[in-house]
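Overview (structure and organization)
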Amino acid sequence: MPEKHMIDPYGRTVTYLRVSVTDRCDFRCVYCMSEHMTFLPKPDLLTLEELDRVCSAFVAKGVRKLRLTGGEPLVRRDVMTLIRSLGRHLETGALDELTLTTNGSQLARHAGDLYAAGVRRINVSLDTLDASLFQQITRWGRLPQVLDGIAAAKRAGLHVKINTVALKDVNDAELPSLIEWAHGEGHDITLIETMPMGDIDGDRTDQYLPLSQVRGALAQRWTLDEMDFRTGGPARYVRIAETGGKLGFITPLTHNFCESCNRVRLTCTGTLYMCLGQDDAADLRAPLRASPDDGLLHTAIDEAITRKPKGHDFIIDRDHNRPAVGRHMSLTGG
């Protein structure tokens, strides 16, 4: 039997796996992708059965939370087969939570099935409620389709958290109304600083908005009460007294969140990144395909965890306006 705990060199227990099930997406968000992306050839991708095997190996080694990401996870053909299969770990109690991050475009179709598979909470990426601005940011997206998807998720019983990337001179003026809308709908919302990942056809200093600045402005408008609340991710939360809702901040640049990192990330090709902001990685596809049993896979996972770094090296300023790492966020998983 594999060890039930994965402990990194800094004494942190790894209990959270984020899995990109595809690098493809039906949007081309300006801070995430180039408009003309070259996607991975299909044979490079893990099959749904292989993704199940790797995820199950991590669950056997002590992962309690599993998040499926992309690209856009719900554009992967037959992805619900994988989600339903992984739901068995919820039934046995081996897994506490199975969740996903989505752009919402396919939610109207899948929300009921997600709930039936054991998913109870999802994150939906939404940066504006202005339809024309939404199209500018996503390039290919349509806001009504996403809002319909969010409404379907709510009807299905899924708890929705809105994720909003704060973009300077793009959606910064709209953030208070977006927060009010989310809380009015019963959704928590988290603001995220743009991260220096991948070549996106632009200068990142033009997009970067420090959340310390945003928080200061919001504190002039509302009462922000500190909370101990955690969802297992890097967000730090406050409750807004006037709306009653929770507001999270993910601040990889203005406030490094690495000291409590319990996460590793698997790409759709079977590459394991021990840190979002470092290039060191482990190939799990080769051991996975080398043997029908999981012995080699478990050994490769153990070796990778011994290389989990203390933290990332993200920085954005006029001297560092190129990506800190070359791969796109869509490849590693948001």
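An account of the accompanying structure is given in this report. What you see is a predicted model; the values in this text were computed from it and never measured. (Residues numbered from 1 in each chain as written. Predicted model: local features only at pLDDT ≥ 70, side-chain atom pairs only at ≥ 80, totals over all residues. Heavy atoms only, no water.)

**Side note on the sheet that holds strand β6 (residues 188-193)**
If you trace the twelve strands from one edge of the open sheet to the other, you get β7-β8-β9-β6-β5-β4-β3-β2-β1-β10-β11-β12, paired in mixed fashion. The outermost strands of the open sheet, each flanked by one partner alone, are β7 (224-226) and β12 (281-283). Taking the axes of each pair of neighbouring strands and ignoring which way they run, one obtains an average angle of 25 degrees across the sheet. Here β6 runs beside strand β9 (residues 246-250); their pairing, made up of four bridges, is parallel. In the sheet register, I189 faces β9, and the bridge partner there is L247. Lying on the sheet, helix α1 (residues 48-60) is in contact with β1 (16-20), β2 (65-69), β10 (263-266) and β11 (271-273); it crosses β1 at an angle near 170 degrees. (Pairing = 2+ DSSP bridges. Helix = DSSP H or I, 4+ residues; strand = E, 2+ residues; numbered from the N terminus. Axes fitted to C-alpha atoms, helices over the stretch in contact; angles between N-to-C directions. Contact = heavy atoms within 4.5 Å.)

**Describing the environment of V165**
Along the chain, the position of V165 falls in strand β5 (residues 159-166). For the pair V165 and I250, spaced 85 residues apart in sequence, the C-alpha separation works out to 9.4 Å.

**Concerning the pairing of β5**
With seven of eight residues buried, β5 is to be regarded as a mostly interior element. Relative to β5, strand β4 (residues 121-125) runs parallel, the two sharing five bridges. Within β5, the residue paired with R121 across the bridge is H159. Bridge analysis of β5 against β6 gives six bridges, and the strand direction is parallel. Within the sheet, the bridge partner assigned to N163 lies in β6 and is T190. (Buried < 20%, exposed > 50% of the residue type's maximum accessible area, 1.4 Å probe, protein only.)

**A closer look at the pattern of salt bridges**
Tallied over the entire structure, the rule returns 13 salt bridges. In this structure, the salt-bridge partner of R53 is D294, at a minimum N-O distance of 2.8 Å. Separated by 241 residues along the polypeptide, R53 in helix α1 and D294 in the loop between α9 (285-290) and α10 (295-305) bring together distant segments of the chain. What makes D294 partly exposed here is its relative accessible area of 25%. Put simply, E97 and K65 hold a salt bridge, and the shortest N to O gap is 3.8 Å. Pair noted here: E97 is in strand β3 (residues 97-102) and K65 is in strand β2, with a separation of 32 residues, a long-range link. Counted as one network, the salt bridges with shared partners bring together K65, E97 and R121. (Salt bridge = Lys/Arg side-chain N within 4 Å of Asp/Glu carboxyl O.)

Interpretation note: all reported values are geometric properties and have no functional meaning in isolation.
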